[in-house]
Amino acid sequence: MLGPTAHTDSFTRDGLPSVEQWPDFLLDGFDYPEYLNAGVELTDAMVDKGFGDHTALIGNGRRRTYKELTDWTNRLAHVLVDDLGVKPGNRVLIRSANNPAMVACWLAATKVGAVVVNSMPMLRAVELAQIVDKAEITHALCDTRLMDEMANCAKHSKFLKTVAGFDGTSNHDAELDRLALEKPVQFEAVKTGRDDVALLGFTSGTTGDPKATMHFHRDLLIIADGYAKEVLRVTPEDVFVGSPPLAFTFGLGGMAIFPLRFGAAATLLENASPLNIIEIIEKYNATVCFTAPTAYRVMLAAMDDGADFSSLRAAVSAGETLPAPIYHEWMEKTGKTMLDGIGATEMLHIFITNRFEDSQPACTGKPVSGYEARVVDENMNDMPVGQLGRLAVRGPTGCRYLKDKRQATYVTDGWNITGDSFSMDADGYLHFAARNDDMIISSGYNIAGPEVEAALLSHAAVSECAVIGAPDEQRGMLVEAHVVLVAGFESSEETRKSLQDHVKATIAPYKYPRSVKFRSTLPKTQTGKIQRFLLKEV
């Protein structure tokens, strides 16, 4: 079933789950040669296609063309092989914020046949150690500004023996950069197989033993040749901007793979706050934006103060369900569709989405071409139209955990069970309810927190909110809303009752939040996803 490999270090291929535990892979229409190197396809091959003078990356005050990026990554590839001793199949961890140097390091490591593990800047030594131990990582490339925790991790690691620093700013004055200056701009990339593992994506929010998802060279191109081509319709004139970290597969796809696959440009922000995203959109006339609904809400408010988003043709929302009020307000103020979608690290990127010409509020849309989706019960029977069940999906990408018994839980009968509760209407549109473990069961009723959140967000006083289930002796659980108020509204009993009455009048009354807690902020990940589990600990 697996094609040829160039890996002399067979750790990842040996760590794949047994074929019987794989999901079904639907690869019709995604045909690639037996030997394929994703790093080459996104750089050297783009120069060969005539994109050498096109801008590839914008960041830290500089533009870099495809020719410059290709030369840069080839020099770095020489360093990895000649000076650092990286062998095909070795795991290479990259620690950095979003900047062009991180992209260059990722591409260079991919070219030499390494298996890349991109990591979040906020991780501490103990968390890095979990990743290093799980993937038996031998080499790390680290932005020198983030070296302390990396060095602490390496000091106590039995696997990580080589750590090299690079300069993530535009100065290029660190060990890796200085070594690269002496190298030629031509590099013969390792002839990796299309089924060689190119990337290990660690799932966000994992506690205890971390889960590493394994993605092949062909997978990295599939998400571009599927979603980015079919749904986003990326062209060389596009300029991408967004908040998701490159350490997450959502960010790596949206902020690197998608633009580079089609000759477009990516703007990379180390601090991708909504205000910084606004500045970049206006400065570079960005056309495609990836961020979370919470950020779009800030951007919408900025429009009232004159922010100009007229250059944007695609606003992609993922990471959190898109509340209908934000969708409607975006449509009203911009006249353009906001694309809500859902993806998973296990699936690499978005697999269900709305389309430009086919979207509606409170709806996640239909599967991306090549994917199939069902809503099933615990026994894999299809649920009746309109009824909630577990989302099951299969397509050209799918879950392969690295040496993990949880593979048997995520994949059932060839289908990926994503952990999301959905319903499907009579026309085949999919509607997100909640994560399976976020459904609130109160007095026997199943209540989806995102539906209550959408009702609250339609109240003038609500800036942000998150709804969770709180333990309750009588009801088992009760609906509890954590609310950030718009400036000028008071956190009073009168406001609390106003919010509760508003929800009762908007959706079924039994779903209203019996507990309302006012907060100054909500805990979020770097991608803007609200960390509801932290609210449950309060």
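Notes on the structure follow. Remember, it's a predicted structure, so these values are computed and weren't measured experimentally. (Residues numbered from 1 in each chain as written. Predicted model: local features only at pLDDT ≥ 70, side-chain atom pairs only at ≥ 80, totals over all residues. Heavy atoms only, no water.)

Here's the deal with the overall build of the protein
Step number 1: When its secondary structure is counted, the protein shows 17 helices and 25 strands.
Step number 2: Against the 2.2 N^0.38 benchmark of 24 Å for 538 residues, the protein shows a C-alpha radius of gyration of 23 Å, consistent with a compact globule.
Step number 3: The buried share among the 538 residues of the protein stands at 60%.
Step number 4: Taking the intrachain contacts of the protein between residues at least 6 apart in sequence as the baseline, contacts between residues at least 24 apart amount to 67%.
Step number 5: Of the roughly 21,000 Å² of accessible surface on the protein, a fraction of 49% belongs to carbon and sulfur atoms. (Helix = DSSP H or I, 4+ residues; strand = E, 2+ residues; numbered from the N terminus. Rg over C-alpha atoms; globule rule 2.2 N^0.38 Å. Buried < 20%, exposed > 50% of the residue type's maximum accessible area, 1.4 Å probe, protein only. Contact = heavy atoms within 4.5 Å. Areas by Shrake-Rupley, 256 points an atom, 1.4 Å probe, with all protein chains shown as cover.)

Description of the side chain of Asp404
Step number 1: Mapped onto the fold, Asp404 is located in the loop between β17 (389–394) and α14 (407–410).
Step number 2: Classification of Asp404 by relative accessible area gives buried; the value is 10%.
Step number 3: With near-sequence residues (within four places) excluded, Asp404 lies in contact with Lys134, Asp209, Pro210 and Lys211.

Structural notes on the packing of helix α15 (residues 449–457) against helix α16 (residues 493–506)
Step number 1: Put simply, α15 and α16 touch, their axes get as near as 9 Å, and they point 115 degrees apart. In terms of their interaxial angle, α15 and α16 are classed as roughly perpendicular. Considering the relative orientation of α15 and α16, their crossing is right-handed. Of the residues in α16, those in contact with Val452, Ala455 and Leu456 of α15 are Leu499, His502, Val503 and Thr506.
Step number 2: Of the residues assigned to the contact of α15 with α16, the class counts are 5 nonpolar, 2 polar and no charged. (Axes fitted to C-alpha atoms, helices over the stretch in contact; angles between N-to-C directions. Parallel < 35°, antiparallel > 145°, perpendicular 65-115°, else oblique. Left-handed = near helix turned anticlockwise from the far one by under 90°. Nonpolar A, V, L, I, M, F, W, Y, C, P; charged D, E, K, R; others polar.)

Focus on helix α10 (residues 249–261)
Step number 1: Under the 1.5 Å per step criterion, the end-to-end length of α10 is only 15 Å for 13 residues, more than 12% shorter than the ideal 18 Å.
Step number 2: Of the residues flanking the end of α10, it is Gly263, one or two places downstream, whose phi is positive at about 75 degrees. (Expected span 1.5 Å × (residues − 1).)

What about the pairing of strand β4 (residues 115–119)?
Taken residue by residue, a regular strand's side chains alternate between the two faces of the sheet.
Step number 1: Taking burial as the measure, the 5 residues of β4 include 5 buried ones, the bulk of the element.
Step number 2: By the alternation rule, side chains of β4 split into Val115, Val117 and Ser119 and Val116 and Asn118, which are all buried.
Step number 3: In this fold, the crossover linking strand β3 (residues 91–95) to β4 by way of helix α5 (residues 100–111) has right-handed handedness. (Right-handed = clockwise from strand over helix to strand, strands pointing away.)

A look at helix α13 (residues 324–334)
Step number 1: Within α13, the full set of buried residues consists of Ala324, Pro325, Ile326, Tyr327 and Trp330.
Step number 2: On the buried face of α13, the contacting elements are α12 (293–303), β12 (314–317), β13 (338–343) and α15.
Step number 3: Backbone geometry just after α13 places Gly335 at a positive phi near 75 degrees.

Points about the environment of Met380
Step number 1: Inspection of the secondary structure assignment puts Met380 in the loop between β16 (372–376) and β17.
Step number 2: As a C-alpha pair, Met380 and Ile417 span 37 residues in sequence and 9.8 Å in three-dimensional space.
Step number 3: Discounting residues that sit within four places of it in the chain, Met380 has contacts with Arg374, Arg390, Ala392, Thr412, Asp413, Trp415 and Ile417.

Concerning the nonpolar core
Step number 1: Counting 89 residues, the largest nonpolar core has Trp106, Leu141, Leu232 and Phe258 as the members making the most contacts within it.
Step number 2: Other than its neighbours up to four places away in sequence, Leu232 contacts Tyr227, Phe240, Phe258, Val288, Phe290, Arg313, Ala314, Val316, Leu339 and Phe356. (Core = buried A, V, L, I, M, F, W, Y, C linked by side-chain atoms within 4.5 Å.)

Let's talk about the pattern of salt bridges
Step number 1: This model, assessed by the stated rule, comprises 33 salt bridges.
Step number 2: As a salt-bridge pair, Lys183 and Asp82 come within 3.7 Å of each other at their nearest N and O atoms. Of this pair, Lys183 sits in the loop between α8 (175–181) and β7 (197–202) while Asp82 sits in helix α4 (residues 66–83), placing them 101 residues apart in sequence.
Step number 3: Judged by relative accessible area, Lys183 falls into the buried class, the value being 16%.
Step number 4: Of the residues examined, Asp82 reaches a relative accessible area of 48% and is grouped as partly exposed.
Step number 5: Note that Glu270 is salt-bridged to Arg145, the shortest N-O span being 2.6 Å. Of this pair, Glu270 sits in the loop between β10 (265–267) and α11 (274–284) while Arg145 sits in the loop between β5 (139–143) and α7 (147–155), and the two are 125 residues apart along the sequence.
Step number 6: Here the residues in one salt-bridge network are Lys134, Asp209, Asp404 and Arg406, joined through shared partners. (Salt bridge = Lys/Arg side-chain N within 4 Å of Asp/Glu carboxyl O.)

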